[in-house]
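# Remarks on the overall topology
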Amino acid sequence: MKKSILCLLLLAALVLCLSGCKSKTPAPPPDGEVLTEDGTGAAAADSGEVNPGTVGYYPNAAPEQPLTPVGAENAGQPEETQPPQEPQQPQEPEQIAEHEDPGEPEEPQQIVGYEDPGELEEPQQIVGYEDPTELEGAKIGTCTISISCSTILNNMDKCDPAKASLVPATGWILAPAAVSFEEGESVFTVLQRTCQQNGIHMEFSNAPMYNSAYIEGIGNLYEFDVGELSGWMYSVNGVFPNYGCSKYILQNGDTIRWVYTCDQGADVGGSNFS
Amino acid sequence: MKALFRSLAVLLALTLCLSGPALAASAEDALAGSAAYILRAAAEPAVGSVGGEWAVLGLARSGCDVPQTWWDRYYAVLAEEVAGREGSFNRNTDYARMVLALTAMGRNPRNVAGYDLLAPLGNYDSALRQGVNGAIWALIALDCGGYDVPAAAAGTQATRELYREAILSRQLEDGGWSPGSRAPADPDETAMALQALSPYRQDPAVAAAIEDGLACLSAIQNADGSFGSSSESCAQAVVALCTLGIPLDDPRFVKNGASALDALLTYRLADGSFQHTMGDGANQMASEQGLYALAAVHRAAEGLSGLYDMTDPAAAPGTAPEQTVTAGEMTGLFCVFLVRSGLL
């Protein structure tokens, strides 16, 4: 008895209340107003950690990676004997040292295990997939990828002393190299595969619903290693996208540049962190 | 039966309450819907600044009902990550973020899988690698649980004074702050610096810095009440005002009739999510910051402790709470009722 009266009362009160609530629902965003994206908000808040945390983690090059390090036999120096988290361990110097002409970094340089860039127009076998049959019918593209930290050379005073020895004299962690990709692949997957194949350390963070990886460190050089405005950024065909590298779907002939900035992008021609 | 009866009574009470001020009611509704959204979007919580610690903070401080299994799931994922990385993360703000989340849910940050996640905040040099942002979040994390500053294993021993001084000394000419500590002021960093300084506002030097910071924040507020160009900037401003005990309708922070909260809510979508910028659809980072900003509004309206003031352990939801109905839980129960009934 008492209960049913209470319920009735409740119902009546709720109906009243809800009719009020409805009218107080926040207005939908005004149409037509598109604010310029500058990424500042996201970046700053992420700093609360202003930046994505860590889900994907590549302790070091080949041995512990979840993906098969295909072409490892061509990947240059064997990494297996290196302690997995030793930041002092230079990964790339040997490889970089092979560059004969550091003065002309823009020139595409062939990487062991990749086809000659001069032959890129022909359809070709993909290095890096174990099972070529999986690729039958898939459209193949070619892009150029490079990884440079040359800005650090001008900022050695700000460089974490423990990291100084990791900075290649040429600034190249990976000189421009032609690589193949499957249709629909992103800047991230190509970076990931290229690093694996060349024994280059890379760590990214991710979250299931974030839909993009955030590159924290390459070649054991991390954001904040060279001052509070330092970190990795990428450009495609000279443009720095303001969204994550997993969301950039490659087109045939794209030129990807991963660059380390010591000044929030100002020293590499961009304005946002990756 | 008794519990059911109590919830009904609570509902009735709440129903009557809700005929109160329109602003508070609309923010409360938004809070419930946004909490429900985050629970759906981050159903499988992760470790990281998206879909992880900020979701934990927002939900924990919202007072909304969250299944114990969700807290447990986050903790298990965190413990696994911490163990896998042997307690080592790249940035000091990673530790600050995890300390905030753990404290909010009532768990001990000094022992996660055997690792002390608070300890790195004792290293001043390491925190300052991230500039003023590192100092801000180290201080907020230390203060959220009233923790003693841990002994530094390496580098300069941090103190609260050192962190505070690092923030004060990086204040810009115009009274604001920016990530690189150079003009112009950045709305997010300015708001976050104010949040960090808030517990020290009895100190005359800090009080003066806060006044200058508020003047700057007011000056860079847009004509529509928003800040910067994203909802996150609005969210940080809302949190700063609530933390400092400044009413959201303070004339300094109302532009053309729109407050920072009004501006924030324009980014909110019907499903409870927030957009990063207008028209770009739900964004997880924006949604998490939007949620905890609404939680800050809710807590200020209810006279509860500030968003980042978790020194009262009874407030933590992740530790199997007693069956007592607090003001926060009342709101929470109502949130859940509305959501489950499909009314929101």
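Residues numbered from 1 in each chain as written. Chains lettered and ligands numbered in written order. Predicted model: local features only at pLDDT ≥ 70, side-chain atom pairs only at ≥ 80, totals over all residues. Heavy atoms only, no water.

### Quick word on the sheet that holds strand β3 (residues 202-205) of chain A
All names here are of chain A. Counted only if it meets this: Strands were regarded as paired on the criterion that DSSP finds at least two bridges between them. Helix and strand assignments come from DSSP, with helices taken as H or I runs of at least 4 residues and strands as E runs of at least 2, each series counted from the N terminus.
Taken in spatial order, the three strands make up an open sheet running β3-β4-β5, and their pairing is antiparallel. At either end of the open sheet lies a strand with only one pairing partner, and these are β3 and β5 (221-222). Relative to β5, strand β4 (residues 214-218) is paired through two bridges, and the arrangement is antiparallel. Counterpart to G217 in the pairing with β5 is Y222.

### Digging into the confidence of the model for chain B
All names here are of chain B. Stated formally: The predictor attaches a confidence to each residue, called pLDDT, with possible values from 0 through 100. Here, residues are in contact when the closest pair of their heavy atoms is within 4.5 Å.
When pLDDT is averaged along chain B, the result is 89, and 84% of the positions lie at 70 or above. Long-range and interchain partners of residues 16-22, a stretch whose pLDDT sits below 50, account for five contacts in this model, where long-range means more than four residues apart. Contacts for the low-pLDDT stretch residues 320-325, under 50 throughout, to residues beyond four places or in other chains number six contacts. The complex prediction reports pTM at 0.71, with the ipTM value standing at 0.72.

### Section: the packing of helix α9 (residues 187-197) of chain B against helix α11 (residues 231-244) of chain B
Each pair of packed helices can be summarised by the angle the axes make with each other and by the distance between the axes. Residue and element names in this part refer to chain B. The test is simple: Each axis is a line fitted through C-alpha atoms, and for a helix only the stretch in contact is used; angles between axes span 0 to 180 degrees, taken between their N-to-C directions. Any angle that is under 35 degrees is reported as roughly parallel, and any over 145 degrees as roughly antiparallel; angles of 65 to 115 degrees are reported as roughly perpendicular and all others as oblique. Less than a right angle of anticlockwise turn of the near helix away from the far helix marks a crossing as left-handed, whereas a clockwise turn marks it as right-handed.
Orientation of α9 relative to α11, taken along the N-to-C sense of each, is 20°, at an axis distance of 8 Å. By the criterion of interaxial angle, the relationship of α9 to α11 is roughly parallel. At the point where α9 passes α11, the crossing takes the left-handed sense. Here α9 contributes P187, D188, A191, M192, L194 and Q195 to the contact with α11, which in turn contributes E232, S233, Q236, A237, V239, A240, T243 and L244.

### Side note on the sheet that holds strand β1 (residues 140-148) of chain A
Residues and elements named next belong to chain A. Strands sit in the order β2-β1-β7-β6 across an open sheet of four strands; the sheet is mixed. With one partner strand each, in any of the chains shown, β2 (172-182) and β6 (231-236) form the two edges of the open sheet. For this sheet, the mean angle separating the axes of adjacent strands, direction not counted, is 20°. In the sheet, β1 pairs with β2 via eight bridges, with the strands oriented antiparallel. Within β2, the position partnered with T144 by the bridge is A178.

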